[in-house]
Amino acid sequence: MSERDATPATTGGSAARGRPRQFDSDAALAAAMRVFWRHGYAGSSVGTLIEAMGISRATLYASFGDKENLFRKVMDLYEREKTAYMLEALDQPDAHGVAEHLLHGTIALQTGAADPKGSMGIVHSLSHAPGDESIREFVTQRGRYWRDRLIARIEQAARDGDFPPSYEPRSLALTLKAATDGLLVAAGSGASESELRAIAETFLDMWPGRRT
């Protein structure tokens, strides 16, 4: 998809004068995502964003709205492109498969060279500046939605007999979420891929119940 920058072209002869320059809005959003991911909402100035996106300030506001609205669009892109594995995990046939898919997907997210390490969600739920409460609440609500989906899936696994009844499913789901969050924090702190995989395999070895 492309949209038009309001800044007139200044080169290319008389035929090009006044012709609006075009930009790729998807590429611009991806660039903004990397800025927010690396620096957080408070640490990402409008100047830094428009420089990374390759657009003018006027185009930013005309195409994406203000900084907060841009961030919301970026979070949609982040979840669509970077965290689809989380929803795929919920479709696995048993609780062990859910845990395995989540942990391995989390590691895969951290081993790509193109993106910052860690989690956009964790960055923005833990770190914010005065006046950014609406952003923190927005990210927190999305995190709660995912947590509730995971709890519901592990509760279904308990009903299916995937693990012994001595394990409380809500606590088990939250333990799994804590493990995936821990991998993201470890990756953001510089843990190697081999270290992350060793953590995941140790956790899976301790996971209770059957595996198919």
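Residues numbered from 1 in each chain as written. Predicted model: local features only at pLDDT ≥ 70, side-chain atom pairs only at ≥ 80, totals over all residues. Heavy atoms only, no water.

1. Describing the overall build of the chain
Link 1 in the chain: When its secondary structure is counted, the chain shows 10 helices and two strands.
Link 2 in the chain: In sequence order, the secondary structure elements of the chain are arranged as β-β-α-α-α-α-α-α-α-α-α-α.
Link 3 in the chain: In the chain, buried positions account for 42% of the 212 residues.
Link 4 in the chain: Residue pairs in contact within the chain that sit at least 24 positions apart in sequence constitute 66% of those at least 6 positions apart.
Link 5 in the chain: Of the roughly 11,100 Å² of accessible surface on the chain, a fraction of 51% belongs to carbon and sulfur atoms. (Helix = DSSP H or I, 4+ residues; strand = E, 2+ residues; numbered from the N terminus. Buried < 20%, exposed > 50% of the residue type's maximum accessible area, 1.4 Å probe, protein only. Contact = heavy atoms within 4.5 Å. Areas by Shrake-Rupley, 256 points an atom, 1.4 Å probe, with all protein chains shown as cover.)

2. A short note on helix 10 (residues 193-206)
Owing to its 3.6 residues per turn, the α-helix aligns residues three or four sequence positions apart on the same side.
Link 1 in the chain: Counted at 1.5 Å a residue, the expected span for helix 10 with its 14 residues is 20 Å, and the 20 Å between its end C-alpha atoms agrees.
Link 2 in the chain: Listed as buried for helix 10 are L196, A200, F203 and L204. Axial view of helix 10: buried residues confined to an arc of 100 degrees, hence all on one face. Facing away from the buried side of helix 10 by more than 90 degrees, the exposed set consists of S194, D205 and M206.
Link 3 in the chain: Against the buried residues of helix 10 lie helix 6 (95-110) and helix 9 (169-188). (Expected span 1.5 Å × (residues − 1). Arc of directions from axis to C-beta.)

3. A closer look at the nonpolar core
Link 1 in the chain: Formed by 56 residues in total, the largest nonpolar core has its most connected members in M53, L70, L102, L150 and L176.
Link 2 in the chain: Per-element tally for this core: the top contributor is helix 1 (residues 25-39), with nine residues.
Link 3 in the chain: In contact with L70, other than residues within four places in its own chain, are L29, A32, F36, L49, M53, L60 and F64. (Core = buried A, V, L, I, M, F, W, Y, C linked by side-chain atoms within 4.5 Å.)

4. Some words on the confidence of the model for the chain
Link 1 in the chain: Of all residues in the chain, 79% attain a pLDDT of 70 or more, and the chain-wide mean is 82.
Link 2 in the chain: At the level of individual helices and strands, the chain shows its lowest average pLDDT in strand 1 (residues 2-8), which scores 38, and its highest in helix 10, which scores 95. (pLDDT = per-residue confidence, 0-100.)

5. Here we look at the UniProt feature "DNA-binding region" (unreviewed entry) in the chain
Link 1 in the chain: UniProt feature "DNA-binding region" (unreviewed entry): in the numbering of this structure it lies at residues 45-64.
Link 2 in the chain: Secondary structure content for residues 45-64 is 80% helix and 0% strand, while the C-alpha to C-alpha distance between its ends is 15 Å. (UniProt positions renumbered as here; feature names shortened; annotations may be inferred.)

6. A closer look at the packing of helix 4 (residues 67-82) against helix 8 (residues 133-159)
Link 1 in the chain: One way to put it is that helix 4 packs onto helix 8 with a least axis distance of 11 Å and a crossing angle of 20 degrees. On the basis of their axis angle, the class for helix 4 and helix 8 is roughly parallel. The crossing of helix 4 and helix 8 is right-handed. Seen from helix 4, the contacting residues are E68, F71, R72, M75, D76 and E79; seen from helix 8, they are S134, I135, F138, V139 and R142.
Link 2 in the chain: Of the residues belonging to the contact of helix 4 with helix 8, the class tally is five nonpolar, one polar and five charged. (Axes fitted to C-alpha atoms, helices over the stretch in contact; angles between N-to-C directions. Parallel < 35°, antiparallel > 145°, perpendicular 65-115°, else oblique. Left-handed = near helix turned anticlockwise from the far one by under 90°. Nonpolar A, V, L, I, M, F, W, Y, C, P; charged D, E, K, R; others polar.)

7. Quick look at the side chain of D162
Link 1 in the chain: Within the element layout of this structure, D162 appears in the loop between helix 8 and helix 9.
Link 2 in the chain: The exposure class of D162 is buried, given its relative accessible area of 2%.
Link 3 in the chain: A distance of 2.9 Å separates the side chain of D162 from the backbone nitrogen of A95, its partner in a polar contact. (Polar contact = N/O pair within 3.5 Å; in protein donor to acceptor, adjacent residues only side chain to side chain.)

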